[in-house]
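Listed below, chain by chain, are the residues.
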Amino acid sequence: MEQHSTLEVREVEGNHQLYDYDKVNKEAPFRPDSYPQQTPLEIDSSGVYYPEVAHPATREPANKICGLPKRTFYIVLTIVLLVLIGAFVGGLAGGLTSKKNHSTEQPDELHEDPHEEGPNSTPAGNNSSPARPNVNILSISKLASSNRTDDEGTIYRTVFFQDTNNALIVRQWDSFSKTWATCNITEVLAGSTTPLNPLPGTPLASFSTPFGFGDEVHLWYIAPDNFITGVHVDYSYGNQNRWEYDWLGDITLETRPGSQLATTWQECWAGDCSTYWLLTYQIPSGDLVVFNQSDSSQFAAVEARAIADNSSLSIIPTKTTLGGKPRIISENLNSGTTGDIYETVYGVVDGQPYSTSQSFINNVPLPEPNMQFTYLHVNASIPPMIIALLPNGTVVAKSLDTDYIPNVKFSGGPPINFTAISAGEDYMLYAINNDEILQYAPEETDRYSFVYVERVYP
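The number of helices and strands found in the chain is 3 helices and 31 strands. The proportion of buried residues among the 458 residues of the chain is 42%. Summing over all exposed atoms, the chain offers an accessible surface of approximately 24700 Å²; the carbon and sulfur share of this is 53%.

Here's what the structure looks like:
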């Protein structure tokens with residue numbers, strides 16, 4: 001039998017045309033058990049090879065989602081979800097970092113305070129904010145402050161603390177520029193033969209001399225060997241960062257471990273005395289001693305049996321408008337669980353020092369590192385108030401002309417969580433609060449309620 005092919009090849013005008021499906025009669029064999037795939041050539045009865053094409057209608061339709069096979073769809077979906085989650089986490093981390101960087105910038109660079117003042121009135125000690133690691137201020141840092149006025153009437157305020165590197169830092173403000181400046185005293189004296197080496201969390205005590213009496217600022221602290229060291233700056237030189245050691249000659253002031261400090265500049269209360277500064281602390285025996293700079297004497301104002309170990313301390317100076325003598329604030333024990341805040345009047349008669357004590361605030365907790373006393377002058381016509389930060393964070397107060405205030409209120413600013421306080425003669429109160437130093441002023445109508453002023457540091 002003559003072999004031939006049913007495939008037809010046509011040539012038109014010398015061009016070869018592609019396969020013409022409409023004019024070919026060859027049918028693809030139907031095989032119900034086949035899959036749609038290319039198959040080997042088949043030979044028909046005439047012996048000619050034909051390509052076998054499996055019939056597409058014989059395969060079960062594939063399960064698809066959105067036009068994609070299931071497996072492909074789920075792979076794509078997983079990749080998309082991972083990308084979205086990564087973008088969300090990255091955006092959140094970036095936002096938190098940006099917020100943190102913004103909150104740690106100094107207000108005198110931004111000309112604004114990060115804390116919004118609001119109508120909320122918060123008693124101290126009622127804060128529920130979570131603790132966070134400090135980055136600006138040593139977590140156990142104490143606080144000291146003082147102020148002075150120069151011959152042109154410019155007010156100067158200084159606030160001292162320790163940073164997280166244990167360095168002594170001072171913030172300085174003046175009423176002319178109305179800005180805060182920072183000086184690292186430890187860095188200033190780093191090149192000296194005896195660099196500063198304060199105890200971590202050392203008690204701090206500061207006074208400023210008024211115009212006409214040296215125009216100076218002094219700071220006292222305790223070194224690791226429990227001896228008191230002092231530094232000062234003389235503003236008459238015109239350099240507010242020219243800090244130097246205080247020179248006491250051959251005098252050494254040794255403290256009892258854990259002793260606190262208090263100091264003040266004392267005005268003369270009579271016509272036959274001179275101005276001088278006082279420094280009080282507990283000596284190794286436990287007695288509360290007053291060091292008088294005018295004659296370098298050390299007088300035991302309170303015996304060890306009448307003062308709690310490591311009692312917080314404060315000195316209220318005599319004001320010529322108020323009369324009287326300097327008063328030392330300390331704590332005495334009345335039981336094994338509570339104590340009383342005492343006021344000890346210190347004076348000198350015919351060259352001989354003397355002291356008398358009386359109870360001032362009763363039934364306060366025993367001394368702890370964060371329990372601190374300070375005093376605050378509202379104005380020259382009102383007796384100064386004693387302010388105490390208790391171990392639970394509550395702030396209490398009392399003055400000679402008022403009843404005991406068991407919970408001083410603070411309005412505006414951030415939630416209250418004070419760990420240190422300080423005040424002075426210009427009616428401003430300072431507090432370390434959640435790694436920041438804040439400033440408060442008494443309300444005009446209620447001197448035992450304080451209004452947030454601004455953030456001092458950072």
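Read on for the rest.
A grouping of Tyr74, Val76, Leu77, Val80, Leu81, Leu84 and Ile85 is seen on the molecular surface, where their side chains present a nonpolar patch of about 630 Å² in accessible area. Checked against the element boundaries, leucine 77 lands in helix H1 (residues 70-103).

The next thing to look at is the sheet that holds strand S17 (residues 276-282). Taking strand neighbours across the sheet as the criterion, the 4 strands line up as S16-S17-S18-S19 in an open arrangement whose pairing is antiparallel. Two strands bound the open sheet, and with one partner strand each, they are strand S16 (262-266) and strand S19 (297-302). Direction aside, the axes of adjacent strands within the sheet are offset by 25° on average. In the sheet, S16 pairs with S17 via 5 bridges, with the strands oriented antiparallel. Residue tryptophan 265 lies in a different strand from S17, and its bridge partner there is tryptophan 277.

A word on the confidence of the model for the chain. Here the chain averages 80 in pLDDT, and 72% of its residues register 70 or above. Averaged over each element, pLDDT in the chain is lowest for helix H2 (residues 107-110) (42) and highest for strand S29 (residues 429-433) (98). Residue range residues 49-60 is modelled with pLDDT below 50. Its contacts to residues more than four positions away, or to other chains, number 28 contacts. This stretch, residues 117-121, has a pLDDT under 50; its non-local contacts, to residues over four places away or in other chains, come to 12 contacts.

About the cut-offs
Residues numbered from 1 in each chain as written. Predicted model: local features only at pLDDT ≥ 70, side-chain atom pairs only at ≥ 80, totals over all residues. Heavy atoms only, no water. Helix = DSSP H or I, 4+ residues; strand = E, 2+ residues; numbered from the N terminus. Buried < 20%, exposed > 50% of the residue type's maximum accessible area, 1.4 Å probe, protein only. Areas by Shrake-Rupley, 256 points an atom, 1.4 Å probe, with all protein chains shown as cover. Patch = residues over 30% accessible without salt bridge, like charges linked within 9 Å, V, L, I, M, F, W, Y side chains within 5 Å. Salt bridge = Lys/Arg side-chain N within 4 Å of Asp/Glu carboxyl O. Pairing = 2+ DSSP bridges. Axes fitted to C-alpha atoms, helices over the stretch in contact; angles between N-to-C directions. pLDDT = per-residue confidence, 0-100. Contact = heavy atoms within 4.5 Å.

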